[in-house]
Amino acid sequence: MNKLIQRLIDSDAFCVTPWVHLHISTNGDLNACCIATRPFGNINSNSLKDIWNGDEYQDFRKKIFNNIKDSRCSSCYLKEASGITSLRQHANRNYRHHFLSIAAAMDDTIDKVNVNLPVSWDIRFSNVCNFRCRTCYHGASSRWFEEAARLGETQGDKPIIRAIHDVESFYNQIDESIDEVEEIYFAGGEPLVMEEHYRILEILTNKKSFDKLLKYNTNFSKFTYKNVNVFSIWNQFKKVHVCASLDGSGIRGEFLRKEQNWAEVLSNRELMKKISPNVYFMVTVTVSVLNIFHLPDFHKELVSSNFMPLENFSIENVLRTPDYYSIQILPYEFKLKIKEKFESHIEWIKLQLERDSILYYNNVVEQFENCIHYLFADDLSNLIPSFISRCKILDELRDEKTVDVFPELGFLF
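None of the values given here were measured: they were computed from a predicted structure.

Considering the overall build of the protein chain
From N to C terminus, the protein chain includes 18 helices and 13 strands. What you see for the protein chain is a C-alpha radius of gyration of 22 Å, in line with the 22 Å of a compact globule of 413 residues. By its C-alpha atoms, the protein chain is 60 × 50 × 50 Å across when sized along the principal axes. Long-range pairs, those at least 24 residues apart, make up 75% of the contacts in the protein chain between residues at least 6 apart in sequence. For the protein chain, the accessible surface area stands at approximately 18900 Å², while carbon and sulfur atoms represent 49% of it.

Okay, structure coming up:
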């Protein structure tokens, strides 16, 4: 069995998520994870159990268990080939304690193995959001609807898209397995303005299930919903991780995440430190052609202002779609300037490492090094006209000017 476990660890295709993780997108599709393509079914057409142990999902599990790559997972394979740590690799590291039971269950002599319901949930109940982030779209933000309609890019005929039509029936389906859940991940849209998020917290509170890990991807703008303060709820749980989606500070951050108020972000962070000091906090950046040049400055600013510890900064979410926002569209000469700036920042990080002797700083160094590698992994400069066109369209709709906020990109225009 040890050899089999090692085989899973070394595999280029195996991913633990199809055995332990439930992802339901804002349109009700059940996928292997949030970036996998081609769903296995829709929760509004079939029950969770029927999809989870359906033939198509079982065949997929057998395929990747036997180290055969599947096109659904191409996003992870491409990231790995470009030097970026993939979601697959993160999942295999975080859920390695399930490998033994998976290996024991996946016996070739058994025709069909019923897989236990997932212990990790990522249910995108809706696209409800209070922001219009530049690199987002209507499918992930209700606030995008009006602009998407003018651009002919709506994902439905109404601003709000709801994943589950019969919510009460779905709650009944998940209620029987909630006791076994280890982790619930809330994303969106913006989870902290979603009714369903607070309903899940209510269910957990009533069951006194305070041992679950609650993880959030939030724009860090709202912490009160219908007079309910989420800080007071979080303080009852043993483990709460908050990943703030911030792409820049000041006017850059407000441009990239439309409706953001940077002063409020700073105020909210101080409030969190005071009311919920035990909540684990980090910043996760969506890396695009717009903000890559300023990432070292942004990181250093957050650390020096005591907004977060140096190591609690992630730049692994390197944007691949829409492809015209990819950092790989930049001309080679500008990539060299970014590389020089990143290398200087890496030296600064290493100085902090020497001073504080914290080994996991190395992970941040690796992320910046991987980002450099990804930057040069492909030449998509043919997409520069598409990037310029998109910027000009949104600039006109929003009465903004990209080059005023990011003058270093002016040469592209």
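Re the nonpolar core
Judged by nonpolar contacts, the single largest core of 123 residues is most densely connected at L214, W234, V283, I292 and F387. With seven residues, the single largest contributor to this core is helix 16 (residues 361-376). Viewed by domain, this core spans two of them, domain 1 (3-118) and domain 2 (288-412), each represented by three or more residues. Residues in contact with W234, not counting those within four places in the same chain, are L192, L214, Y216, F223, V240, V242, M272 and V279.

Some remarks on the layout of surface pockets
Empty space within the second largest pocket amounts to approximately 320 Å³. In terms of lining, the second largest pocket is formed by 15 residues, of which the most central are W19, S101, V115, N116 and L117. Counting residues per element, the ones that place at least two in the lining of the second largest pocket are helix 2 (17-20) and helix 7 (99-105). If one sorts the elements of the lining of the second largest pocket by residue count, helix 7 sits on top with three residues. Grouping the constituent residues of the lining of the second largest pocket by class yields nine nonpolar, five polar and one charged.

Observations concerning the packing of helix 9 (residues 167-175) against helix 10 (residues 195-206)
Closest axis-to-axis distance for the helix 9/helix 10 pair is 13 Å, and the angle between their directions is 40°. Between helix 9 and helix 10 lies a crossing of right-handed hand. Contact with helix 9, carried on its side by E168, Y171, I174 and D175, involves E196, R199, I200 and I203 of helix 10 and no other residues of that element. Considering only residue class, the contact of helix 9 with helix 10 consists of four nonpolar, no polar and four charged.

A short note on the UniProt feature "domain: Radical SAM core" (unreviewed entry) in the protein chain
Those residues carrying the UniProt feature "domain: Radical SAM core" (unreviewed entry) are residues 124-283 in this numbering. Helix makes up 34% of residues 124-283 and strand 18%. Its end C-alpha atoms lie 21 Å apart.

The rules behind the values
- Residues numbered from 1 in each chain as written.
- Predicted model: local features only at pLDDT ≥ 70, side-chain atom pairs only at ≥ 80, totals over all residues.
- Heavy atoms only, no water.
- Helix = DSSP H or I, 4+ residues; strand = E, 2+ residues; numbered from the N terminus.
- Rg over C-alpha atoms; globule rule 2.2 N^0.38 Å.
- Contact = heavy atoms within 4.5 Å.
- Areas by Shrake-Rupley, 256 points an atom, 1.4 Å probe, with all protein chains shown as cover.
- Core = buried A, V, L, I, M, F, W, Y, C linked by side-chain atoms within 4.5 Å.
- Buried < 20%, exposed > 50% of the residue type's maximum accessible area, 1.4 Å probe, protein only.
- Domains from an automatic or database assignment.
- 1 Å grid on protein atoms, 1.4 Å probe; cavity = no way out; pocket = protein on both sides within 12 Å on 5 of 7 lines; lining within 4 Å.
- Points joined across faces, edges and corners; volume = space filled by probe spheres on them.
- Nonpolar A, V, L, I, M, F, W, Y, C, P; charged D, E, K, R; others polar.
- Axes fitted to C-alpha atoms, helices over the stretch in contact; angles between N-to-C directions.
- Left-handed = near helix turned anticlockwise from the far one by under 90°.
- UniProt positions renumbered as here; feature names shortened; annotations may be inferred.

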